[in-house]
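Below are the chains, spelled out letter by letter.
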Amino acid sequence: MSASTSNSISTNEQPSSISVQRYSAPLVAEMVANAAALGCVVSTHETGATIVDAGIQVPGGLEAGRLIAEICMGGLGNVALRHVPQFANWPLSVVVTAKQPVIACLGSQYAGWALSHEKFFSLGSGPARAIAQREEVFKDINYRDQGEQSVLVLETDKVPPAAVIEKVSKDTGLPANKLTFILTPTRSVAGSLQVTARVLEVALHKCHALHFDLSAIVDGYGIAPVPAPSPDFIVGMGRTNDAILFGGFVQLFVNTDDAAAEALATQLPSSASKDYGRPFAEVFKAVNMDFYQIDPMLFSPAKVSVSNMKTGRTFFAGKFNEDLLNQSFGS
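Residues numbered from 1 in each chain as written. Predicted model: local features only at pLDDT ≥ 70, side-chain atom pairs only at ≥ 80, totals over all residues. Heavy atoms only, no water.

Asker: Describe in detail the overall build of the chain, supporting the description with residues and values.
Answerer: Regarding its fold elements, the chain presents 12 helices and 12 strands. Relative to the 2.2 N^0.38 estimate, which gives 20 Å for 331 residues, the radius of gyration of the chain is 19 Å and therefore close to what a compact globule would have. Residues counted as buried form 58% of the 331 residues belonging to the chain. Partitioning the contacts of the chain with sequence separation of at least 6, the portion at a separation of at least 24 is 74%. In the chain, which carries 24 positive and 30 negative side-chain charges, the distance between the mean positions of the two groups comes to 1 Å. (Helix = DSSP H or I, 4+ residues; strand = E, 2+ residues; numbered from the N terminus. Rg over C-alpha atoms; globule rule 2.2 N^0.38 Å. Buried < 20%, exposed > 50% of the residue type's maximum accessible area, 1.4 Å probe, protein only. Contact = heavy atoms within 4.5 Å. Lys, Arg positive; Asp, Glu negative; His and termini not counted. Charge placed at Lys NZ, Arg CZ, Asp CG, Glu CD.)

Here it is in C-alpha cells:
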C-alpha cells in the first residue's frame with residue numbers, strides 16, 4: 001500500500017525564484033579559491049571545463065566533503081559534522097537540513113544523471129541536473145532551473161573524457177568553460193562523507209518511490225555516522241550505504257492526514273525491505289554487482305519519524321543496527 005498517490009508539486013509550492021545555480025555558485029567559488037587548503041586541486045580540462053579533484057590524486061578531506069555535500073544540495077542545504085555518541089565506535093556524524101527539502105534533495109542532490117562513454121561511467125549529482133532535465137523526477141517535482149554557469153558532482157576515480165563534458169554542455173546549453181566538475185571517488189574522505197550526507201535525500205527519494213505526495217513534505221532532518229573510506233571500492237561503497245541503512249535517522253514534517261503519515265513512517269525504514277539484514281557489500285556481491293537486482297526499497301534510513309503538522313502527532317518506525325554497522329565499518 002502506498003502512503004499516497006501523488007508525486008506532483010504545484011508551481012506555487014516550488015517558486016522558480018529558488019535557483020540551485022544561484023545558491024550554489026558562492027560555494028563553488030569558495031571551493032575553487034580554497035582548493036589547496038581543502039586538500040583538493042583545480043585544473044582546466046581540454047574542453048575548457050573546470051575540474052576539481054577531491055580525492056583522485058589528492059587526499060580530499062572532511063571539510064571538502066562537507067562543502068561538496070552543500071554544493072550537491074544546490075546551496076539549499078546545511079551540512080555539519082558533529083560528535084554524536086549514538087554508536088560507541090563511530091561518533092563522527094553528519095547532520096543535514098535543507099531550506100527546501102524536495103528541491104535540494106531531488107532537484108539537485110540525487111545522483112540520478114547517468115553519464116558514460118566507452119569505459120567511463122559515473123552518476124552525476126548537483127545543480128546542473130536541474131538545467132539538463134534528463135530525468136523523469138523533474139516532471140514529478142515540477143522544477144526547472146537555469147543559469148549562466150553550473151556545477152556537477154561525479155562519483156568517480158577518473159577525469160571524465162571530453163565526450164562526457166560535451167554531453168553535459170549540450171544538455172545544459174552551457175559552454176564547457178562555464179561548467180565545473182567536482183570529482184569525488186568513494187575511496188577518499190571527501191567522497192565517503194558526501195555520500196553519507198545523502199541521508200535526507202535517500203528518505204525523500206523513497207517517499208517519491210512510494211508515491212507519497214511530495215507537496216505535503218514541509219521540512220526534514222537527517223543524521224548518519226561517517227565511515228572511514230576504504231581503498232577497495234566495493235567495501236567503501238558498502239560502508240557509505242550501511243551508514244544510512246543501519247545508522248541513519250530522518251525526521252520528516254508533513255501536512256497530511258494521520259493515516260498517510262503513519263503509512264509513510266511504516267514503509268520508510270530500510271528494515272521494511274526484503275533485502276535488509278546483511279552489509280550492503282554482501283548484498284551487492286550476491287546479485288553479481290547489479291544494482292537493479294537489489295530491492296529499491298532497501299535504500300532508506302534505519303530509523304524514521306514522521307511528524308504530521310495538521311494534528312501534531314508523530315509516528316516512529318525502524319531500528320538502528322549497531323552490530324551490522326560495526327561489521328561493515330570495521331571490515
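Asker: I'd like a rundown of the sheet that holds strand S10 (residues 249-254), residues and numbers included.
Answerer: On the basis of which strands lie adjacent, the open sheet formed by 6 strands has the order S3-S4-S9-S10-S11-S12 and mixed pairing. Edge positions in the open sheet fall to strand S3 (77-83) and strand S12 (314-318), since each of these has one partner strand only. Between one strand axis and the next, the sheet turns through 15° on average, direction left out of account. Two strands pair when backbone bridges link them, and S3 and strand S4 (residues 92-98) are joined in this way by 7 bridges, in the antiparallel orientation. Pairing of Asn78 across the sheet is with Thr97, part of S4. (Pairing = 2+ DSSP bridges. Axes fitted to C-alpha atoms, helices over the stretch in contact; angles between N-to-C directions.)

Asker: Can you tell me about helix H12 (residues 322-329), naming the residues and giving the values?
Answerer: Residues lying three or four places apart along an α-helix face the same way, a consequence of the helix completing one turn every 3.6 residues. Residues of H12 that are buried include every one of Leu324, Leu325, Ser328 and Phe329, and no others. The buried residues of H12 occupy an angular sector of 125° when the element is viewed end-on, so they sit on one face. Residues of H12 that are buried make contact with strand S9 (217-225) and helix H9 (233-247). (Arc of directions from axis to C-beta.)

Asker: Could you give me a rundown of the pairing of S12, with the residues and numbers involved?
Answerer: Judged from the 5 bridges that link them, strand S11 (residues 303-308) and S12 form a sheet pairing that is antiparallel. The residue bridging Ser307 from the neighbouring strand is Thr314, located in S12. Linking two consecutive strands that pair antiparallel, namely S11 and S12, is a turn of 5 residues; a positive phi of about 85° is found at Gly312 within it.

Asker: Give me the lowdown on the packing of aromatic side chains, citing residues and values where you can.
Answerer: Within this structure, the stated rule accounts for 8 aromatic pairs. A centroid spacing of 5.1 Å and a plane angle of 75° characterise the contact between Trp90 and Phe329, whose relative ring orientation is edge-to-face. With Trp90 in the loop between S3 and S4 and Phe329 in helix H12, this residue pair connects regions lying 239 residues apart in the sequence. The burial state of Trp90 is the same as that of Phe329; both residues are buried. Over the face of the ring belonging to Tyr23 we find Arg22, whose NZ or CZ atom lies 4.8 Å from the ring centre. (Phe/Tyr/Trp six-rings, centres within 6.5 Å; stacked < 30°, edge-to-face > 60°. Lys NZ or Arg CZ within 6 Å of the ring centre and 35° of its normal.)

Asker: Talk me through the side chain of His45; I want residue IDs and the actual numbers.
Answerer: Looking at the element boundaries, His45 is found in the loop between strand S1 (41-44) and strand S2 (50-53). A relative accessible area of 11% means that His45 is categorised as buried. Residues contacting His45, with those up to four places away along its chain left out, are Ile51, Val159, Pro160, Pro161, Ala162 and Ile165.

Asker: Tell me what's going on with the sheet that holds S1, and back it up with residues and numbers.
Answerer: In spatial order, the strands read S1-S2-S8-S7-S6-S5; together these 6 strands make up an open sheet with mixed pairing. The open sheet is flanked by S1 and strand S5 (113-117), the only strands paired with a single partner. Strand after strand, the sheet turns through a mean of 30° between neighbouring axes, direction not considered. Bridge count for strand S7 (residues 150-154) against strand S8 (residues 179-183) is 5 bridges, and the pairing is parallel. Opposite Ser150, over in S8, you have Leu179 as the bridge partner. Against the sheet, helix H1 (residues 20-33) touches S1, S2, S7 and S8, its axis set at about 65° to S7.

Asker: Can you tell me about the environment of His117, naming the residues and giving the values?
Answerer: Here His117 lies in strand S5. Judged by its relative accessible area of 31%, His117 falls in the partly exposed class. Between the C-alpha atoms of His117 and Arg198, which are 81 residues apart in sequence, the distance is 26 Å. Discounting residues that sit within four places of it in the chain, His117 has contacts with Pro161, Ala163 and Val164.

Asker: Help me get a handle on the packing of helix H7 (residues 189-196) against H9, residues and values and all.
Answerer: Interaxial distance between H7 and H9 falls to 9 Å at its minimum, and their mutual angle equals 30°. One finds that H7 runs roughly parallel with respect to H9. Here the hand of the crossing between H7 and H9 comes out right-handed. Residues Ser192, Val195 and Thr196 of H7 pack against Thr240, Ala243 and Ile244 of H9. Split by residue class, the contact of H7 with H9 holds 3 nonpolar, 3 polar and no charged. (Parallel < 35°, antiparallel > 145°, perpendicular 65-115°, else oblique. Left-handed = near helix turned anticlockwise from the far one by under 90°. Nonpolar A, V, L, I, M, F, W, Y, C, P; charged D, E, K, R; others polar.)

Asker: For the state of the cysteines, give the residues involved together with the corresponding values.
Answerer: On inspection of all chains with the given rule, the structure shows 0 disulfides. Cysteine Cys40 remains unbridged, with the sulfur of Cys72 as its closest cysteine sulfur at 13 Å. (Disulfide = S-S within 2.5 Å.)

All we've got here are geometric facts, nothing functional implied.
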